[in-house]
Amino acid sequence: AATTECRNRAHEASAGNLTAEVASADRLPLGDDGVDRELSRNVLHHLSDAHEAYTETARILAPGGVFILEAPYNSGSGRVGEALTRIFQLADDSHVRYYHSLEAIEADLSTYGFRVEEHSAWTFENRTPSGGVEVAEETGASQHLRVQTNEDGVITYQLPVMRLRLRLVSQP
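From a predicted model like this one, the values you see are computed outputs, not experimental measurements.

What counts and what doesn't
- Residues numbered from 1 in each chain as written.
- Predicted model: local features only at pLDDT ≥ 70, side-chain atom pairs only at ≥ 80, totals over all residues.
- Heavy atoms only, no water.
- Helix = DSSP H or I, 4+ residues; strand = E, 2+ residues; numbered from the N terminus.
- Buried < 20%, exposed > 50% of the residue type's maximum accessible area, 1.4 Å probe, protein only.
- Areas by Shrake-Rupley, 256 points an atom, 1.4 Å probe, with all protein chains shown as cover.
- Lys, Arg positive; Asp, Glu negative; His and termini not counted.
- Charge placed at Lys NZ, Arg CZ, Asp CG, Glu CD.
- Core = buried A, V, L, I, M, F, W, Y, C linked by side-chain atoms within 4.5 Å.
- Arc of directions from axis to C-beta.
- Contact = heavy atoms within 4.5 Å.
- Pairing = 2+ DSSP bridges.

Draft legend 1. Broad picture of the overall build of the protein. Helix and strand counts for the protein stand at 6 helices and 5 strands. Its helices and strands taken in sequence order, the protein reads α-β-α-β-α-α-β-α-α-β-β from the N to the C terminus. With respect to the three principal axes, the spread of C-alpha positions in the protein is 50 × 35 × 30 Å. For the protein, with 172 residues in total, the buried portion stands at 36%. Summed over all atoms, the accessible surface of the protein reaches about 9800 Å², with 47% contributed by carbon and sulfur. Counting 15 positive and 26 negative side-chain charges, the protein places the averaged centre of each group 4 Å from the other.

The following block contains the structure:
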């Protein structure tokens, strides 16, 4: 639905140079050095190994191209990442999610020729499925994730999210 909406808006705005595609992050259907900007939103935590995706992004971006990466991340210890993974699996056990630290993400991207131009981080209030409180307590992440019950009796936690604006400054 989001891809269709993007295509429709691009058409309405006569933005003929805008392409909206859905593809595997490690096999993008685009040529080398031909993309000015790439947006990757809520993808990183679905990848067990982001290196192939970073390679593809570096391959398709033109020199000086911009990569916007937005995703939930691990803003604490490994135990926080484990808690996030297990909480999400309570609601959807179709695959494991991976929550990388901001430092690891930035270090990995630098090896692919990216320089961070700006970054921001915030938390998003998310509902926890049944069992989420227990997972947060078992992993010692309750305080870090600010697990709480709101006035309606809904249990929530704060999901850390980051956005990086990166520039491709050299090819790996």
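There's plenty left to go through after this.
Draft legend 2. Highlighting the nonpolar core. In terms of nonpolar packing, the biggest core is built from 23 residues, with Leu 44, Leu 69, Ile 105, Leu 109, Phe 114, Met 162 and Leu 164 touching the most fellow members. Mapped onto this core, the elements with two or more residues apiece are helix H2 (51–60), strand E2 (61–72), helix H4 (102–110) and strand E5 (155–168).

Draft legend 3. Examining unusual backbone geometry more closely. One non-glycine residue, Asn 42, lies in the positive phi region at around 60°. Mapped onto the elements, Asn 42 comes out in the loop between strand E1 (35–41) and H2. The backbone of Arg 146 sits at a positive phi, close to 50°, despite the residue not being glycine. As for its position among the elements, Arg 146 is in the loop between helix H6 (142–145) and strand E4 (148–149). On the accessibility criterion, Arg 146 (44% relative accessible area) is partly exposed.

Draft legend 4. Seen up close, H4. For H4, every residue scored as buried is listed here: Leu 102, Ile 105 and Leu 109. Axial view of H4: buried residues confined to an arc of 65°, hence all on one face. Those residues of H4 that are buried are in contact with H2, E2, strand E3 (114–127) and E5.

Draft legend 5. The arrangement of helix H5 (residues 132–139) in detail. All of the buried residues in H5 are Gly 132, Val 135, Ala 136 and Thr 139. One face of H5 carries all of its buried residues, which in axial projection span an arc of 95°. Seen from the buried face of H5, the exposed residues on the opposite side, beyond 90 degrees, are Glu 137 and Glu 138. Lining the buried residues of H5 we find helix H3 (78–91) and H6. Positive phi appears at Gly 140, one or two residues downstream of H5, with a value of about 75°.

Draft legend 6. Local environment of the pairing of E5. Most of E5 sits out of view: 10 of its 14 residues are buried. Relative to E5, E2 runs antiparallel, the two being bridged by 7 bridges. Each bridged residue has a counterpart across the sheet, and for Val 66 the counterpart in E5 is Arg 167. Sheet topology note: the E3/E5 ladder contains 13 bridges and is antiparallel. Paired with Ser 120 across the bridge in E5 is Arg 163. Relative to E5, E4 runs antiparallel, the two being bridged by 2 bridges. Bridge assignment links Thr 149 to a residue of E5, and that residue is Ile 155.

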